[in-house]
Amino acid sequence: MESIRHIFLTGEKQVGKSTLWRKVLAQSGINPIGFQTLEYLVNNCFRGYRLHCLGPVPESFGNDVPISVFLRRKCHLPVPESFNLYGSELLRLARELKQANPEIVTVFGGPQASCTAETTLKTMEFVDYINTGEGENTVVPLFSGILRGEGDLNAIPGLHYRKDGKLFHNNELVPLCDLNKLPYWDDRLLPPEDPEVLRSQYYFMPIDVGRGCPYSCTFCCTSYFWRRVYRMKGTDEIIADIKYYKEKYGIRSFWFTHDAFTVNRKLVNEICDRILEEKLDIVWRCSARLDCISEELILKMKQAGMVRMSFGVETGSPRMQKLINKNLDLKKAKGLVDFLLKENIWVALYFMYGFPQETEEDLNQTLEMAFSMIDAGVQSVSLFYCKFCPNTGLT
């Protein structure tokens, strides 16, 4: 019987991953079969390989399905529900998979893997490939090389890999993709067994509206990953995305995925105008910086259907705001949050603690602000420990 080699593709976001994987399979001449549950796999056999795409799904799909990776019929391993490279879960999984079957091929990608590519390969022999930077322009050549032996892996920008015990890498910058040419989701990954889930007010269909952040907070690795280049899809493309999912599936709740959606206020206004002009009748959520919104913009966004906003405050200490280069005016930030609540906008705020120069007084100020926001009516307040990532201002 022919030996089957397993390839596991993992990542932090499922937005875009299914379309990338579909592109890989299509160009490899494979007919993909998709599943959309917590056991999220795109699984097929091709020339002695079994391909697996692992990733989380939206919270609204529930949390009650056990997750397993099956290695042959009698062997399976648990997979963490939250794929967190910082917490070493992916690395633990890769190590256990290699121990169970040395023929498994492991591929890493994403911001954290990109920041630590060289060190990871040197110290962790169970990692085979690290595809740094954005994957749209490099993932097909990579898997064509893995699956078919086609092309020159050394010619793929940003690729780090091991072969015959030796390490290879191409330090050429990975070209940024054209966001306006990104394909739609793989429709077969949507849950056909319950179409009402997609139409419910609790499910927000993710749309990749842009990438990158022009700011340089000391704790954040996205500025390294996206080179501080702020990009947005064109208004026509965003509106076309909305129409596609609304007309095909009846979806009217959307999540405009971007770390800093409102940096380009002119474009945000254009998007809102088009939503109103075309009477799309949708609701949507987004993430932004509190110093990149205004009361006027909030009202315009609300008129166009915006119902939820998420913000990273990070610290309630004015001193730490400067030290981590976030530089929010906390008084103005509180005022904008109060305005959002008055307008019945659902708000999520994210705080951090454990910065290297943080004092007990700084932490107390953060806790005081967090609790005051809860008292003011903010629906979601989260506090995270500051975790250090290479190639950031903290390291």
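These remarks concern the structure in this document. On a predicted model such as this, the values are computed, not experimentally measured, just so you know. (Residues numbered from 1 in each chain as written. Predicted model: local features only at pLDDT ≥ 70, side-chain atom pairs only at ≥ 80, totals over all residues. Heavy atoms only, no water.)

Within the protein chain, the secondary structure is distributed over 13 helices and 17 strands. Buried positions account for 53% of the 395 residues belonging to the protein chain. When the accessible surface of the protein chain is split by element, carbon and sulfur atoms take 50% of a total near 18800 Å². (Helix = DSSP H or I, 4+ residues; strand = E, 2+ residues; numbered from the N terminus. Buried < 20%, exposed > 50% of the residue type's maximum accessible area, 1.4 Å probe, protein only. Areas by Shrake-Rupley, 256 points an atom, 1.4 Å probe, with all protein chains shown as cover.)

The strand order 10-13-14-15-16-17 describes an open sheet built from 6 strands, whose pairing is parallel. On the outer flanks of this sheet lie strand 10 (205-208) and strand 17 (380-385), each paired with one strand and no other. Each neighbouring strand pair of the sheet contributes to a mean axis angle of 20°, computed without reference to strand direction. Judged from the 4 bridges that link them, strand 13 (residues 253-257) and strand 14 (residues 283-288) form a sheet pairing that is parallel. Across the sheet, the residue bridging to Phe 254 is Trp 284, located in strand 14. Packing against the sheet, helix 13 (residues 360-376) makes contact with strand 15 (306-314), strand 16 (346-353) and strand 17, and its axis sits at approximately 165° to strand 16. (Pairing = 2+ DSSP bridges. Axes fitted to C-alpha atoms, helices over the stretch in contact; angles between N-to-C directions. Contact = heavy atoms within 4.5 Å.)

A full pass over the atoms with the stated rule returns 15 salt bridges. The salt bridge involving Lys 233 is made with Asp 241; its shortest N-O contact spans 2.6 Å. Here Lys 233 matches Asp 241 in class, with each residue buried. Among the salt bridges present, the one from Glu 278 reaches Arg 274, with a minimum N-O distance of 3.0 Å. Residues participating in the shared-partner salt-bridge network are Glu 134, Asp 208, Arg 211 and Arg 231. (Salt bridge = Lys/Arg side-chain N within 4 Å of Asp/Glu carboxyl O.)

Moving on, we get to the packing of aromatic side chains. Inspection of the entire model under this criterion finds 10 aromatic pairs. A centroid spacing of 5.9 Å and a plane angle of 15° characterise the contact between Tyr 129 and Tyr 161, whose relative ring orientation is stacked. Remark: Tyr 161 occurs in strand 8 (residues 159-163) and Tyr 129 occurs in strand 7 (residues 129-131); sequence separation between them is 32 residues. By relative accessible area, Tyr 161 is classed as buried at 5%. Put simply, the rings of Tyr 129, Tyr 161 and Phe 168 pair up and form one aromatic cluster. When the ring centre of Phe 204 is taken as reference, the NZ or CZ atom of Arg 285 above it lies at 5.6 Å. A cation sits over an aromatic face here: Arg 308 above Trp 346, 4.5 Å from the ring centre. (Phe/Tyr/Trp six-rings, centres within 6.5 Å; stacked < 30°, edge-to-face > 60°. Lys NZ or Arg CZ within 6 Å of the ring centre and 35° of its normal.)

One finds Ile 242, Phe 254, Phe 261, Trp 284, Met 301 and Met 309 to be the most contacted residues of the largest nonpolar core, which totals 53 residues. A total of 7 residues in this core trace back to one element, the largest contributor, which is helix 12 (residues 330-342). Every residue in contact with Met 309, bar those within four places of it in the chain, is listed here: Cys 286, Ala 288, Ile 293, Met 301, Leu 340, Ile 345, Trp 346, Val 347 and Ala 348. Counting 13 residues, the second-largest nonpolar core is a separate cluster that includes Val 139, Val 140, Ile 156 and Leu 159. (Core = buried A, V, L, I, M, F, W, Y, C linked by side-chain atoms within 4.5 Å.)

This part covers unusual backbone geometry. Positive phi outside glycine occurs at Asp 281, with the angle close to 55°. One can find Asp 281 in the loop between helix 9 (265-277) and strand 14. In this structure, Asn 325 takes a positive phi of about 65° despite not being glycine. Residue Asn 325 is classed as partly exposed on the basis of its relative accessible area of 30%.

Its 15 residues give helix 8 (residues 235-249) an end-to-end C-alpha distance of 21 Å, which sits within 8% of 21 Å, the value for a rise of 1.5 Å per residue. Two residues or fewer past helix 8, Gly 250 is found with a positive phi of approximately 75°. (Expected span 1.5 Å × (residues − 1).)

For the rest of this paragraph, the subject is the environment of Asp 273. Along the polypeptide, Asp 273 turns up in helix 9. A relative accessible area of 30% means that Asp 273 is categorised as partly exposed.

Further remarks concern helix 5 (residues 139-148). The element helix 5 is largely enclosed, with a buried count of 8 among its 10 residues. Trailing helix 5 by a residue or two, Gly 149 shows a phi angle of about 70°, which is positive.

Below, the discussion takes up the packing of helix 12 against helix 13. What describes two packed helices is the angle between their axes and the distance between those same axes. With their axes 11 Å apart at the nearest point, helix 12 and helix 13 run at an angle of 20° to one another. As the angle between them shows, helix 12 and helix 13 are arranged roughly parallel. The way helix 12 lies across helix 13 gives a crossing that is right-handed. Contact with helix 12, carried on its side by Leu 330, Lys 334, Val 337, Asp 338 and Leu 341, involves Met 369, Met 373 and Ala 376 of helix 13 and no other residues of that element. (Parallel < 35°, antiparallel > 145°, perpendicular 65-115°, else oblique. Left-handed = near helix turned anticlockwise from the far one by under 90°.)

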